[in-house]
Amino acid sequence: SIKAGIDRAVTHGLVEKGHADVISVTRLHYASDFLFSPHHRGRLYTMLRDPIERAIESYYHLKVTQPDVAGSMTLDEYAASPYAEKNWVTRHLAGVPEDSEVTEKHALLAKEVLRRKAVVGLYKEMEKSLVRMDKFFGWNDYDSEADREELFHCRHGVINRDRLWESDEEITFGTGSRPQEGDPLYSALKKLNEIDMDV
């Protein structure tokens, strides 16, 4: 979903040749401008997550993927650092560059993109959201009841595995807890993501 991957997909005619049923991107506007066209349109779906939860998971992801940057960083230090996520969802839905401030105007645009262009699922209700997307996109055409059951068990297993992984003390690097509403750290993360909280 990075620019280089989108560029490679364009070069190989991924969309025009019908090589993919689903394409996952985080650079929505870049993909929309270069990958799709009026003759080869895409349909957008997204799983939205509580912005505070997302910011916390971003911190843990940074610790795993860039230990030289965040290896010894606490969540409090992350929230005060330039690495902390700031209104990520609004930034990407409204096409706001990383070095620009996200404003209420961008929030209105992001809401409009979601309202007019997207099938929205909720991360905390992943299974229900996936069933909704199945129906919308016609992904629920199974050859047999056994195929449907197999998909359900596979999906259920993956979702439960990911939830366990996220709540595992090891992935919280020994803290084993998350900030709660009212905590100073929760308030700091909320301030960084105020516009996403509104969207």
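Residues numbered from 1 in each chain as written. Predicted model: local features only at pLDDT ≥ 70, side-chain atom pairs only at ≥ 80, totals over all residues. Heavy atoms only, no water.

So, on to a nonpolar patch on the surface. A cluster of nonpolar side chains, contributed by V22, Y45 and W139, occupies part of the molecular surface with about 240 Å² of accessible area. On the basis of relative accessibility, which here comes to 39%, the residue V22 falls in the partly exposed class. (Patch = residues over 30% accessible without salt bridge, like charges linked within 9 Å, V, L, I, M, F, W, Y side chains within 5 Å. Areas by Shrake-Rupley, 256 points an atom, 1.4 Å probe, with all protein chains shown as cover. Salt bridge = Lys/Arg side-chain N within 4 Å of Asp/Glu carboxyl O. Buried < 20%, exposed > 50% of the residue type's maximum accessible area, 1.4 Å probe, protein only.)

Soluble globular proteins tend to pack their nonpolar side chains together in the buried interior. In terms of nonpolar packing, the biggest core is built from 16 residues, with I52, I56, Y59, L75, Y78, L185 and L189 touching the most fellow members. When residues of this core are traced back to their parent elements, those giving at least two are helix 3 (51-65), helix 5 (75-79) and helix 10 (184-192). At six residues, the largest contribution of residues to this core is made by helix 3. Contact partners of Y59, with chain neighbours within four places excluded, come to M73, T74, L75 and Y78. (Core = buried A, V, L, I, M, F, W, Y, C linked by side-chain atoms within 4.5 Å. Helix = DSSP H or I, 4+ residues; strand = E, 2+ residues; numbered from the N terminus. Contact = heavy atoms within 4.5 Å.)

It is worth spelling out the packing of aromatic side chains at this point. Under the counting rule described, the total for this entry stands at five aromatic pairs. Each ring, one from Y59 and one from Y60, has its centre 5.0 Å from the other, and the planes form 55 degrees; the classification is tilted. There is no split in this pair, since Y59 and Y60 are both buried. Summarising the aromatic geometry, the rings of Y59 and Y78 are spaced 5.3 Å apart at their centres and angled 50 degrees between planes, so their arrangement reads as tilted. You can see Y59 sitting in helix 3 and its partner Y78 sitting in helix 5, a full 19 residues away along the chain. Like Y59, the residue Y78 is buried in the burial classification. Here a set of aromatic residues connected by ring pairs shows up, and it is made of Y45, F136 and F137. Taking NZ or CZ as reference, K3 lies 5.3 Å from the ring centre of Y30, over its face. The cationic tip of R54 hangs over the ring face of W88; the distance from NZ or CZ to the ring centre is 3.8 Å. (Phe/Tyr/Trp six-rings, centres within 6.5 Å; stacked < 30°, edge-to-face > 60°. Lys NZ or Arg CZ within 6 Å of the ring centre and 35° of its normal.)

Within the element layout of this structure, S129 appears in helix 8 (residues 126-137). Judged by relative accessible area, S129 falls into the buried class, the value being 8%. Excluding anything up to four places from it in sequence, S129 contacts M47, G121 and L122.

Before going further, it helps to spend a moment on the packing of helix 3 against helix 10. In the contact formed by helix 3 and helix 10, the axes pass within 9 Å of each other and the chain directions differ by 100 degrees. Regarding the angle of helix 3 to helix 10, the classification is roughly perpendicular. Contact residues: helix 3 offers I52, A55 and I56, while helix 10 offers Y186, L189 and K190. Broken down by class, the residue content of the contact of helix 3 with helix 10 amounts to five nonpolar, no polar and one charged. (Axes fitted to C-alpha atoms, helices over the stretch in contact; angles between N-to-C directions. Parallel < 35°, antiparallel > 145°, perpendicular 65-115°, else oblique. Nonpolar A, V, L, I, M, F, W, Y, C, P; charged D, E, K, R; others polar.)

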